[in-house]
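As a plain string of letters, each chain reads:
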Amino acid sequence: MRTPFIAGNWKMNLTKGEAKALAAAVAEKAKDLPGVEIGIIPAFVHIACAACAIKGKSSVGIGAQDVYFEKNGAFTGEVSAAMLTDLGVKYVLVGHSERRHVIGETDALLNKKLHAVIAAGLTVILCIGEKIEQRKANQTFNVCKTQLIEGLKGLDKSKAGQLVIAYEPVWAIGTGLNATKEQAQEVHAFVRDELVKIFDAPTAAGIRIQYGGSVKASNAVELLSQPDVDGALVGGASLKIDEFAGILAAAKK
Ligand code: PGA
């Protein structure tokens, strides 16, 4: 039985005060939802204040939106996994589509980041997903397979407890146009089959696969009711507490 996992990716939004208030509000909502794992993923500069706002009061975990793979040194502007651990971070996004397609991160770089996060003892949320032209060209499975194989290269199955996959079709992110529950389930089942090949069946059965891309309170129930949809990675709707609370409630099975 996989525990549903809902994470809010705040992206490059919010002031410090807003981040603190939103973290506290999520922590309050989380009190009624013991069976749901909940994460909030602020910008680097807001991690410390968000963590402080909920410290000792909540099981809500804090995530980071990115990481650099080196341990320390002359890498101006970058943040290491050890620094994130020090701040109390639990999850790190690796390979979000905005990093792949806006910043230009490659599968090879993302694989190094994944290993740095795992080595630090944190949980990786590895994001994968196809662009609209790739879906139209029937390349969805190929794209997801390549991103999985390259992203997970060298990861031992003994570390799979530190791994979450987020399937986020690029065309659904921030567009208001979510994948249908059938489209999501089809890809999630494919991803799980690939995880069986990469690891083995019992390992694959334990890995959570989140769906991301225009998840809202109004579509969360149907998406989360799919057998291989184990949670959601939420962008825009995670910035509005009532919307996010609706998604959290939908995850309570
Ligand atoms: P969205 O973003 O919910 O705003 O579509 C999802 C994401 O980018 O993780």
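Going by the structure above, here's the rest.
The rules we used
- Residues numbered from 1 in each chain as written.
- Predicted model: local features only at pLDDT ≥ 70, side-chain atom pairs only at ≥ 80, totals over all residues.
- Heavy atoms only, no water.
- Helix = DSSP H or I, 4+ residues; strand = E, 2+ residues; numbered from the N terminus.
- Rg over C-alpha atoms; globule rule 2.2 N^0.38 Å.
- Buried < 20%, exposed > 50% of the residue type's maximum accessible area, 1.4 Å probe, protein only.
- Contact = heavy atoms within 4.5 Å.
- Lys, Arg positive; Asp, Glu negative; His and termini not counted.
- Charge placed at Lys NZ, Arg CZ, Asp CG, Glu CD.
- Phe/Tyr/Trp six-rings, centres within 6.5 Å; stacked < 30°, edge-to-face > 60°.
- Near = heavy atom within 4 Å.
- Polar contact = N/O pair within 3.5 Å; in protein donor to acceptor, adjacent residues only side chain to side chain.
- Areas by Shrake-Rupley, 256 points an atom, 1.4 Å probe, with all protein chains shown as cover.
- Nonpolar A, V, L, I, M, F, W, Y, C, P; charged D, E, K, R; others polar.
- Axes fitted to C-alpha atoms, helices over the stretch in contact; angles between N-to-C directions.
- Parallel < 35°, antiparallel > 145°, perpendicular 65-115°, else oblique.
- Left-handed = near helix turned anticlockwise from the far one by under 90°.
- Arc of directions from axis to C-beta.
- Pairing = 2+ DSSP bridges.

A. View of the overall build of the protein chain. Counting secondary structure elements, the protein chain contains eleven helices and eight strands. For the protein chain, whose C-alpha radius of gyration is 17 Å, the value lies close to the compact-globule estimate of 18 Å for 253 residues. Each of the 253 residues in the protein chain was classed as buried or not, and the buried ones make up 53%. Restricting to contacts in the protein chain with at least 6 residues of sequence separation, those with at least 24 account for 72%. The positive charge centre, built from 29 side chains, and the negative charge centre, built from 26, are 3 Å apart in the protein chain.

B. Representation of the packing of aromatic side chains in the model. Within this structure, the stated rule accounts for five aromatic pairs. A centroid spacing of 4.7 Å and a plane angle of 35° characterise the contact between F5 and Y91, whose relative ring orientation is tilted. Highlighted residues: F5 in strand β1 (residues 5–9) and Y91 in strand β4 (residues 91–94), separated in sequence by 86 residues. The class of F5 is buried, set by a relative accessible area of 0%. Chaining the aromatic ring pairs together yields one cluster made of Y68, F69 and F75.

C. Structural context of the site of the ligand. Residues in contact with the ligand amount to 13 residues; listed here are only the nearest, K11, H96, E168, G174 and S214. Within the side chain of E168, one N or O atom sits 2.6 Å away from an oxygen atom of the ligand. Interatomic distance of 2.6 Å between a backbone N/O atom of G174 and an oxygen atom of the ligand. If the ligand stood free it would expose 280 Å²; the protein chains cover 95% of that surface. Here the residues of the shell around the ligand are counted per class, giving four nonpolar, seven polar and two charged.

D. Spotlight on the packing of helix α7 (residues 140–151) against helix α8 (residues 181–198). Across the interface, α7 lies against α8 with an axial gap of 10 Å and an inter-helix angle of 40°. Taken as axis vectors, α7 and α8 run oblique relative to one another. Judged by the sense of rotation from one axis to the other, the crossing of α7 with α8 is right-handed. Two secondary-structure elements touch here, α7 through T140, F141, C144, K145, L148 and I149 and α8 through E186, V187, F190, V191, E194, L195 and I198. Counted by class, the contact of α7 with α8 contains nine nonpolar, one polar and three charged residues.

E. View of helix α10 (residues 217–224). Among the residues making up α10, those that are buried are N219, A220, L223 and L224. Projected down its long axis, α10 carries its buried residues within an arc of 125°, all on one side. In α10, the exposed positions angled more than 90 degrees off the buried face are occupied by S218 and V221.

F. A look at the sheet that holds β4. An order of β1-β2-β3-β4-β5-β6-β7-β8 is seen for the eight strands of this closed barrel, with the pairing classed as parallel. The average undirected angle you get between the axes of adjacent strands in this sheet is 25°. Sheet analysis places strand β2 (residues 37–41) next to strand β3 (residues 61–64), joined by two bridges and oriented parallel. Looking across to β3, one finds that G39 is bridged to G61. Of the strands in this sheet, β5 (123–128) and β6 (163–167) touch α7, which is tilted by about 150° from β5.

G. Spatial organisation of the packing of helix α1 (residues 16–30) against helix α2 (residues 44–54). α2 packs onto α1 with a crossing angle of 40° between their chain directions and a minimal axis gap of 8 Å. When the axes of α1 and α2 are compared, the pair comes out oblique. Viewed along their axes, α1 and α2 form a crossing whose handedness is right-handed. Between α1 and α2, the residues in contact are K16, A19, K20, A23, A24 and A27 and H46, C49, A50, A53 and I54, respectively. Grouping the amino acids of the contact of α1 with α2 by side-chain chemistry returns eight nonpolar, one polar and two charged.

H. Highlighting unusual backbone geometry. One non-glycine residue, K11, lies in positive phi territory at about 50°. Relative to the elements of secondary structure, K11 occurs in the loop between β1 and α1. Given the relative accessible area of 19%, K11 is considered buried. Even without glycine at this site, L14 takes up a positive phi of about 85°. Relative to the helices and strands, L14 is located in the loop between β1 and α1.

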